[in-house]
Amino acid sequence: MPHANAPNPNDINTRRVEGTPKVAVTRHLMPSIEARMSELFDTTLNTTDIPMTREELTASMQGIDVLVPTVTDRIDSALIDSAGERLKLIASFGAGTDHIDLKAARERGIMVTNTPSVFTDDTADLTLALIIGVPRRVREGVSLVRRGEWTGWAPSGMLGRQLGGKVLGIIGMGRIGQAVAHRARAFGLKIAYHNRHRLPLAVETMLGAQFFEHEDDLIAASDIVTLHCPATEKTIGFYDKDRFDLMKPGSCLINTARGDLVDQEALITALQSGAIAGAGLDVYPDEPNVDKRLLAHPNVMTLPHIGSATAEGREASGEKVIANIRFWADGHRPPDQVLDALL
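Bear in mind that the values here come from a model prediction, so they are computed numbers and not experimental data.

**Considering the UniProt feature "domain: D-isomer specific 2-hydroxyacid dehydrogenase NAD-binding" (unreviewed entry) in the protein chain**
And then number 1: Under the UniProt annotation, "domain: D-isomer specific 2-hydroxyacid dehydrogenase NAD-binding" (unreviewed entry) lies at residues 128–307.
And then number 2: Taken end to end, residues 128–307 is 34% helix and 16% strand, and its first and last C-alpha atoms sit 11 Å apart.

Below, the structure is given as structure tokens:
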């Protein structure tokens, strides 16, 4: 139930903080960002960088004005309901917001901000590495050399698949999806996409992208499928057995978005049966645990959720967090307020 007389998060006049805002940060950030936050705010840091337990998160949300969580912290309705009355801003570090119950935050009059755009290029770059690496069997080749089992060049050895002329199917054509499409064209890939809303014709023309109204048709037409959509009630587990059955023989799946998008058992079955040639994964449904069957498959590239892991990107994200807190504390609307929280 909403708290009685809960303030509207859109009422920025109620957000001004008297004195120095008290801020709690749940994970270790870049040293320069932590130093700056400590100068500007009354900041409690997590210097161990060990993810907080639920009990620790609950305790950290008492007696503070601002919580700075990351995508590893699930801020659900129960946590929000148990937060102290002072908490009025959740300034999340990262672009995603599916780890925060936005509706519960709105009902408590808590504003939510994120840090969009700063990780777009970094994630697109890593996605392209997987798009190239899986068809060319890079993981398998590296393992062969490191085991000392490579016997030298051979005309029929380690044959992969060319990229030029193949169809790259992009599910989710937001900032990252478009950045991936822009890069992929340089490798001769044909761009196809599915999105909740079709892009303007000018953008489609610029990217050379063909729109598919239904993702099933896109999957069936693609040689490589890459996922770039958020995890929602509609998308969690949507890439299931039926969708793997639609994929072309020799095709592959790339996921640098959210692990929960893919039915992991269906993925493993498709890989083990040879229905698809391989997969490139940077995210998993139960991080940091990775299924041993994925690790054992010779053509599954498994990365430790490093899509946004560049010094420049993490610095920029921290700077956005600081800017959002300062705007809010001064009684102004933060530049990265998550408007979905107001619906």
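Anyway, onward from the coordinates.
**What to know about the sheet that holds strand E4 (residues 89–91)**
And then number 1: Taken together, the five strands give an open sheet; going across it, the order is E2-E1-E3-E4-E5, and neighbouring strands pair in parallel fashion. Two strands close off the open sheet at either side, each with one partner strand: strand E2 (42–44) and strand E5 (111–113). For this sheet the average axis-to-axis angle between neighbouring strands, irrespective of direction, equals 20 degrees.
And then number 2: With two bridges connecting them, strand E3 (residues 66–68) and E4 associate as parallel partners. When the sheet's bridge partners are listed, Val-66 is paired in E4 with Leu-89.

**Thoughts on the UniProt feature "domain: D-isomer specific 2-hydroxyacid dehydrogenase catalytic" (unreviewed entry) in the protein chain**
And then number 1: UniProt records the feature "domain: D-isomer specific 2-hydroxyacid dehydrogenase catalytic" (unreviewed entry) for residues 24–338 in the present numbering.
And then number 2: Each end of residues 24–338 is marked by a C-alpha atom, and these two atoms are 20 Å apart; helix forms 37% of the span and strand 13%.

**Concerning the nonpolar core**
Soluble globular proteins tend to bury their nonpolar side chains together.
And then number 1: Among the nonpolar cores identified, the biggest contains 29 residues, and Ile-171, Leu-227, Tyr-239, Phe-244, Leu-253 and Leu-267 are the most heavily contacted of them.
And then number 2: Broken down by secondary-structure element, the contributors of at least two residues to this core are strand E6 (167–171), helix H9 (215–221), strand E9 (224–227), helix H11 (264–273) and strand E11 (278–281).
And then number 3: Considering every element that reaches this core, the biggest residue donor is H11, with five residues.
And then number 4: Setting aside residues no more than four positions away along its own chain, Ile-171 makes contact with His-194, Glu-215, Leu-218, Ile-219, Val-225, Thr-226, Leu-227, His-228, Cys-229, Phe-238 and Tyr-239.
And then number 5: Residues Leu-130, Ile-170, Ala-181 and Ala-209 belong to the second largest nonpolar core, which totals 25 residues.

**Section: the sheet that holds strand E8 (residues 209–211)**
And then number 1: The sheet built from seven strands is open, its strands ordered E8-E7-E6-E9-E10-E11-E12 with parallel pairing. Because the sheet does not close on itself, it has two edges, and the strands there are E8 and strand E12 (300–302). Adjacent strand axes in the sheet meet at a mean angle of 20 degrees, parallel and antiparallel pairs treated alike.
And then number 2: Pairing of E9 with strand E10 (residues 252–255), which is carried by four bridges, proceeds in the parallel orientation. The residue of E10 that forms the bridge with Ile-224 is Cys-252.
And then number 3: On top of the sheet, H11 reaches E10, E11 and E12; it is set at about 140 degrees to E11, its chief contact.

**Remarks on the packing of aromatic side chains**
Any two aromatic rings considered together are summarised by their centre-to-centre distance and by the angle between their planes.
And then number 1: For the coordinates displayed, the defined rule picks out four aromatic pairs.
And then number 2: For the ring pair Phe-238 and Tyr-239, a centre distance of 5.8 Å and an interplane angle of 75 degrees mean the geometry is edge-to-face.
And then number 3: Judged by its relative accessible area of 8%, Phe-238 is buried.
And then number 4: Judged by its relative accessible area of 0%, Tyr-239 falls in the buried class.
And then number 5: Put simply, the rings of Phe-238, Tyr-239 and Phe-244 touch in pairs and so form one group of aromatic residues.

**Focus: the environment of Thr-97**
And then number 1: As for its position among the elements, Thr-97 is in the loop between E4 and helix H4 (102–107).
And then number 2: For Thr-97, the residues in contact, after removing those within four places along its chain, are Leu-102, Asn-114 and Val-338.

**Some details on the packing of helix H1 (residues 31–40) against helix H13 (residues 311–329)**
And then number 1: Running from N to C, H1 and H13 cross one another at 15 degrees; their axes reach a closest spacing of 9 Å. Compared by their axis directions, H1 and H13 come out roughly parallel. Handedness of the H1/H13 crossing: right-handed. When H1 is examined against H13, the residues Ser-32, Ile-33, Arg-36, Met-37 and Leu-40 are found in contact with a partner set consisting of Glu-315, Gly-318, Glu-319, Val-321, Ile-322, Ile-325 and Arg-326.
And then number 2: Across the contact of H1 with H13, the residue classes break down as six nonpolar, two polar and four charged.

Analysis parameters
Residues numbered from 1 in each chain as written. Predicted model: local features only at pLDDT ≥ 70, side-chain atom pairs only at ≥ 80, totals over all residues. Heavy atoms only, no water. UniProt positions renumbered as here; feature names shortened; annotations may be inferred. Helix = DSSP H or I, 4+ residues; strand = E, 2+ residues; numbered from the N terminus. Pairing = 2+ DSSP bridges. Axes fitted to C-alpha atoms, helices over the stretch in contact; angles between N-to-C directions. Core = buried A, V, L, I, M, F, W, Y, C linked by side-chain atoms within 4.5 Å. Buried < 20%, exposed > 50% of the residue type's maximum accessible area, 1.4 Å probe, protein only. Contact = heavy atoms within 4.5 Å. Phe/Tyr/Trp six-rings, centres within 6.5 Å; stacked < 30°, edge-to-face > 60°. Parallel < 35°, antiparallel > 145°, perpendicular 65-115°, else oblique. Left-handed = near helix turned anticlockwise from the far one by under 90°. Nonpolar A, V, L, I, M, F, W, Y, C, P; charged D, E, K, R; others polar.

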